[in-house]
Amino acid sequence: MTENLLNFDAEQMTAWFAEQGEKPFRAKQVLRWLHKAGESDFNAMSDLAMSLRSKLKLTACVKSPQVMREETATDGTQKWLLDVGTGNAVETVFIPETDRGTLCVSTQAGCALDCAFCSTGKQGFNRNLSVAEIIGQLWWANRELGKNQEGIWPITNVVLMGMGEPLLNFDNTVHALRLMLDDNAYGLSRRRVTVSTSGIVPAMDRLRDECPVALAVSLHAPNDALRNVLVPVNQKYPLKELMAACGRYLEKAPRDFVTFEYVMLAGINDSVQQARELIALVREVPCKFNLIPFNPFPQAPYQRSDMQTVMRFRDVLMQADIVTTIRKVRGDDIAAACGQLAGKVQDKTKRTHRLTEVAQ
Ligand code: SAH
Ligand code: SF4
C-alpha cells in the first residue's frame, strides 16, 4: 500500500522517512515541495536524489479529495464540493476580501451534534475526515486559485467553520493545524487560523495545551434553557463550564479574546433583554461578538432577524464595551454561507430517517 503523504505533519513525515532509512532533512524537503510549492509529482522534486524520487513513486502518493462540483457566487465567493469516498462529499469555501483570502474548511462528513438551525447537523453524521482530507482542502484550493504575481498563495486565513465539529475530530484536526502553522508548509500565524467549536469543553483544554490557535465559540443563546434547545451539546457542557473553559483557553491563546458567534434567529434569541443577559454571562471572558444573520436552508424551522433588530442587539453589546461585528453574508446565492453547507452525507446516525418518520 502506498502512503498518502498529505496525511503527515512534520513530525510524522520525519518518522516515516526515518523508517525508510532517510534523513530528517528529506522530510523537510518533501514537505516544502508538497505544501509550499503545491507539487504532487515526485519527479519534479528536483533537489531529491533520483533514487529517492524513484523510491517515493513506489511507496508514496499525494492524494487530496477530488472535486465533484465548483460554483462561484456573484460576490466572488467560491465553493467546491469534494468527494471523500463511499458516497460522502464535503464542502470548502473560499472568501476573497481586499486584504486577505479566507478558506472555510470542513472537518467531518456531516455532524453528530444536530444544532437546530444548521443544515449540516440536519443531515446526520458519517465519519471524521482524515488529515489528508482536511489539509487537502487547503492544498487543493491554493493550487486551483494559483499564486499571485509575488509568488504568494491566495489563502491567508483559514477558519474551521465548514461542515462538522473540529474538536470531535481532534487528532486529525490538530495534525492539519500543525501543517497550516509549519514554516515548511503553509506558515500561517496562529492568529490567522481559527477553530470554531460548539463548545466541547475537554477538547478546548486539549487544544489550548497542544496547539493553541484563534478560537471562536458558537454561543447562540444567553442561558442554558435556550442553548439546550439550539445547541443540544450544551446539555453536556453547560454555559458555566463553557465560560470557564474560554477563560482557561485565553491563558495560552495567540489572541487575547474569544470570538463568540451568535446566529440571529427572529423572535428566538434576538431581543434586547437577551442581549443584556449575554452581557452578564460573558462578564469575565475577554471577548468579541460576531452576529451571524441566520442563513435559511430548505425546511429550516427559523427565520433571519431583520437588520434593524440585529443592529439594535449589536448596539446593546457595544454599549457594554463589547466589540461586536455583524457578519457579512457571503456566497448565499450558491448556498455557501455559514450553516448552509450540505455536501452529501451517508447518514450513519439515521437522523434523516427519523426526521422523515416524524414528518409523516
Ligand atoms: N461545528 C462548529 C463549526 C462549524 S459551524 C461550530 O458549530 O462552531 C460554523 C458556524 O456556522 C457556527 O457558528 C454555526 O453555529 C454557524 N451556523 C450554523 N448554521 C447556521 C445557519 N443556518 N446560519 C448562520 N450560521 C450558522
Ligand atoms: Fe455541527 Fe456546528 Fe452545525 Fe452544530 S453548528 S450541527 S456543531 S456543524
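Higher on the page you've got the structure.
Note that the coordinates shown come from a computational prediction; the quantities given were computed from them, not determined experimentally.

A. Summary view of the overall build of the protein. Each helix and strand counted, the protein has 12 helices and 14 strands in total. Here the C-alpha radius of gyration of the protein, 21 Å, is about what a compact globule of 360 residues would show, namely 21 Å. With the C-alpha coordinates of the protein rotated into their principal frame, the extents come out at 70 × 50 × 40 Å. The buried share of the protein, taken over its 360 residues, is 53%. Restricting the contact set of the protein to residue pairs at least 6 apart, pairs at least 24 apart contribute 67%. By element, 50% of the accessible surface of the protein is carried by carbon and sulfur atoms, the whole surface being about 16000 Å².

B. Main features of the site of ligand 1. Taken together, 20 residues sit near ligand 1, with Phe-117, Ser-196, Ser-218, His-220 and Asn-295 positioned nearest. Note that a nitrogen atom of ligand 1 is positioned 3.4 Å from one of the side-chain N or O atoms of Glu-165. In this structure, Asn-295 approaches ligand 1 through a main-chain N or O atom, which is 2.9 Å from a nitrogen atom. A molecule is said to occupy a pocket when more than half its atoms come within 2 Å of that pocket's grid points, and by this definition ligand 1 occupies the largest cavity. Among the residues forming the shell around ligand 1, the class breakdown is 9 nonpolar, 9 polar and 2 charged.

C. A positive patch on the surface, seen in detail. Taken together, the side chains of Lys-28, Arg-32, Lys-36 and Lys-147 define a basic patch exposed on the protein surface. Mapping Lys-147 onto the fold places it in the loop between α5 (131-145) and β9 (157-160).

D. Looking closely at the pattern of salt bridges. For the structure shown, the criterion picks out 15 salt bridges. Residue Arg-314 pairs with Asp-315 through a salt bridge whose shortest N-O separation is 3.3 Å. Among the ionic contacts, a cluster of salt bridges with common partners joins Arg-208, Asp-209, Glu-251 and Lys-252.

What counts and what doesn't
Within each chain, residue numbers correspond to sequence positions counted from 1 in written order. The order in which chains are written sets their letters, starting at A; the order in which ligands are written sets their numbers, starting at 1. Where totals are concerned, whole chains, interfaces and linings use all residues; where local detail is concerned, this predicted model gives features only for residues with pLDDT of at least 70, and gives and counts side-chain atom pairs only at 80 or more. Based on all heavy atoms of the structure, the side-chain values leave hydrogens and waters out of the count. Under the DSSP-based scheme used, a helix requires at least four consecutive residues in state H or I and a strand at least two consecutive residues in state E, with every element numbered from the N terminus. With C-alpha atoms as the basis for the radius of gyration, the globule rule is written as 2.2 Å multiplied by the number of residues raised to the power 0.38. Only protein chains enter the accessibility calculation, which uses a 1.4 Å probe; a residue is then buried when its area is under 20% of its type maximum, exposed when over 50%, and partly exposed in between. Here, two residues are considered to be in contact whenever any of their heavy atoms come within 4.5 Å of each other. Only the protein chains shown count as cover for residues, and the accessible areas themselves come from Shrake-Rupley with a 1.4 Å probe. If even one non-hydrogen atom of a residue comes within 4 Å of a molecule or strand, that residue is called near it. Each polar contact in these results corresponds to two N or O atoms within 3.5 Å; when the atoms are within protein, one needs to be able to donate a hydrogen and the other to accept it, and residues that are neighboring in sequence are counted only if both atoms are side-chain atoms. Put simply, the grid is 1 Å and covers the protein atoms alone, a cavity is a trapped set of points that fit a 1.4 Å probe, a pocket is an open set with protein on both sides within 12 Å along at least five of seven lines, and lining residues have an atom within 4 Å of a point. Cavity and pocket membership follows a simple rule, namely that a molecule belongs there if more than half of its atoms are within 2 Å of the grid points. Any residue that is not Ala, Val, Leu, Ile, Met, Phe, Trp, Tyr, Cys, Pro, Asp, Glu, Lys or Arg is counted as polar, Gly included; the first ten are nonpolar and the last four charged. What goes into a patch is any residue over 30% in relative accessible area without a salt bridge, connected to like charges within 9 Å or, for nonpolar side chains (Val, Leu, Ile, Met, Phe, Trp, Tyr), within 5 Å. For salt bridges, the criterion is a side-chain nitrogen of Lys or Arg within 4 Å of an Asp or Glu carboxyl oxygen. We score Asp and Glu as negative and Lys and Arg as positive, and we do not count His or the chain ends. Every charge is mapped onto a representative atom, which is NZ of Lys, CZ of Arg, CG of Asp or CD of Glu.

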